[in-house]
Amino acid sequence: MTLTLWFVFFLAVQVIHFLGTWKLYESAGRKRWEAAIPVYNAIVLMKIIGRPTWWTFLLFIPIINLIMFPVIWVETVRSFGKKSSLDTFLAIITFGFYVFYINYTQPLNYIADRNANTEHKASDTVSSLLFAIIVATIVHTYFIQPYTIPTSSLEKSLLVGDFLFVSKMNYGARVPMTTVAMPMVHDTIPMTKQKSYLNWPQLPYFRLPGFQTINRTDIVVFNWPADTVVKFRDRSGVRVDKPIDKKSNYVKRCVGVPGDSLSIKDGLVYINGKELILPERAKPQFSYNVALDGKAPIDFEYLFRDMDITDGAGFLNQQTRDTLFISALTAAGAERLKNVPGVKSVNRVIYKNGDLSVFPHTKPWSQDNFGPIYIPQKGKTVALNLETLPLYKTIITDYEKNDLKINGNEIVINGKVVTTYTFKQNYYWMMGDNRHNSEDSRYWGYVPENHIVGKPIFIWMSWDTNGKGLNKIRWNRVFTTVNGEGQPQSYFKYFLIALAAFFIGEYFWKKRKAKQNI
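Conventions and cut-offs
Residues numbered from 1 in each chain as written. Predicted model: local features only at pLDDT ≥ 70, side-chain atom pairs only at ≥ 80, totals over all residues. Heavy atoms only, no water. Pairing = 2+ DSSP bridges. Helix = DSSP H or I, 4+ residues; strand = E, 2+ residues; numbered from the N terminus. Axes fitted to C-alpha atoms, helices over the stretch in contact; angles between N-to-C directions. Contact = heavy atoms within 4.5 Å. Patch = residues over 30% accessible without salt bridge, like charges linked within 9 Å, V, L, I, M, F, W, Y side chains within 5 Å. Areas by Shrake-Rupley, 256 points an atom, 1.4 Å probe, with all protein chains shown as cover. Salt bridge = Lys/Arg side-chain N within 4 Å of Asp/Glu carboxyl O. Buried < 20%, exposed > 50% of the residue type's maximum accessible area, 1.4 Å probe, protein only.

A. Just the sheet that holds strand β16 (residues 416–418), in detail. As summarised here, the arrangement of the three strands in space is β14-β15-β16, forming an open sheet in which the pairing is antiparallel. Whereas interior strands pair on both sides, the edge strands pair on one side only; in this sheet they are β14 (404–407) and β16. Between one strand axis and the next, the sheet turns through 40° on average, direction left out of account. Here three bridges tie strand β15 (residues 410–413) to β16, and the two strands are oriented antiparallel to one another. Bridge pairing in β16 places I411 opposite V418. In the packing of helix α10 (residues 389–399) onto the sheet, contacts are made with β14 and β15, and the angle to β14 comes to roughly 140°.

Here's what the structure looks like:
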């Protein structure tokens, strides 16, 4: 929905509210017109039902308001003596229109001194649960979101089984665009195959101010722009057009920011003609062909474990046993491997042949040799012709919602023949450190600014499915930061010390208080 449509919708809601409540306002000793003034009518209603004024703010927060509206409907009918379970049920099941029935057909008996505290234990439990859901949803939506690493695309930096906290504040929290959805779940209701949201209505994109911009080499969580699948990693072929904020969450490293010229040469990323220097914690990996001396015995299980080669990343030619293919190995690991007895040579695999699965699917590029391309910047203009169009076609049609047609050699956008295009938002280029095992921008192109979710900041748990017993937990990764200088350091022991100090302090405080009360 456009801003104009949302304004009309907002006014319609205000009219409905006025028509359904003006007699209630008068019965509560307020003026009739107070039910008609947007926002002010909500503040007055909070006074009528005996609830704090700050609740008004919650009514205008997407998703949170879906929880608040039923609460307000119930509190309103109870303020006029309708306290039965049937009244509560009717207020909710009619989406608040039960208030209309009371407003026009029932004697209005306003209870000014109504006890706002619930009289039933079950109701008290429900109220507490709703409040907890509201608080958790606000934190999840605008501050910090938990996230799990599902793939090995950032192997070494982030491992499969890492549980992260993703900050929404660093780059600015994005206000939910999908306004009708279950709180704190993504695109699918847990333990079902049903989607958790309605496609309509949609809010226009808006992001709260952040305290930093996305920098090159930042690890970023974003909505996968090309996501049209039913659920994450589904390959059923069923196409689903998802709202932006309900597309699958991906995590990659940003290697190109708006305005950059990016190219890839033999697997190395170049920005504006200079090689991109990755931080110390980044461990880029490539595929390697390893030639073996078939006569020398090699314990491959020990070798893979010692080289920290990910399970499934090494394949031995079982027939000749003289070649080994490793799909994910760091440069340092390759140098170590050269010194292993029985290893004749170690050669990095570099893909040079044209691969039409690589973006923009029209160039003789590959995942290791690519570009140069321009990373679009908001407000900047590029020349547009039939040769450059494939680079920006998805931006023009899908991300920036223009009507695009090709008429012979002419490009027609929104009914006008054009030779240039000006971008409406910023774009980024995201890649995985595990270069040959990462589905990233090399295959589906640019990541729009409105797809950015947040910045991973903390690993609070790391679970190794191949470990046994206590070793299933990667203790050296628990409570480590995702970013920062040098190698990751676990703060878990400091957390345990702080936790122990808290409980010891609380014990002595309670003991001292008990003595004072004697």
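That was the structure; now back to the text.
B. Representation of a nonpolar patch on the surface in the model. A contiguous nonpolar patch, built from W54, F131, V135, V139, F143, M169 and F211 and spanning about 710 Å² of accessible area, is present on the exposed surface. Take F211: it is sitting in the loop between β2 (162–167) and β3 (219–223). Residue F211 is classed as exposed on the basis of its relative accessible area of 59%.

C. Representation of the pairing of strand β5 (residues 261–265) within the structure. Relative to strand β12 (residues 370–374), β5 is paired through three bridges, and the arrangement is antiparallel. Its bridge partner lying in β12, L262 is registered against I373. Note that β5 and strand β6 (residues 268–271) share four bridges and pair antiparallel. Looking at β6, one finds that S263 is bridged to Y270. What sits between β5 and β6 in their antiparallel hairpin is a turn of two residues, with D266 showing a positive phi close to 50°.

Fair warning: the whole summary comes from geometry, so function is off the table for now.
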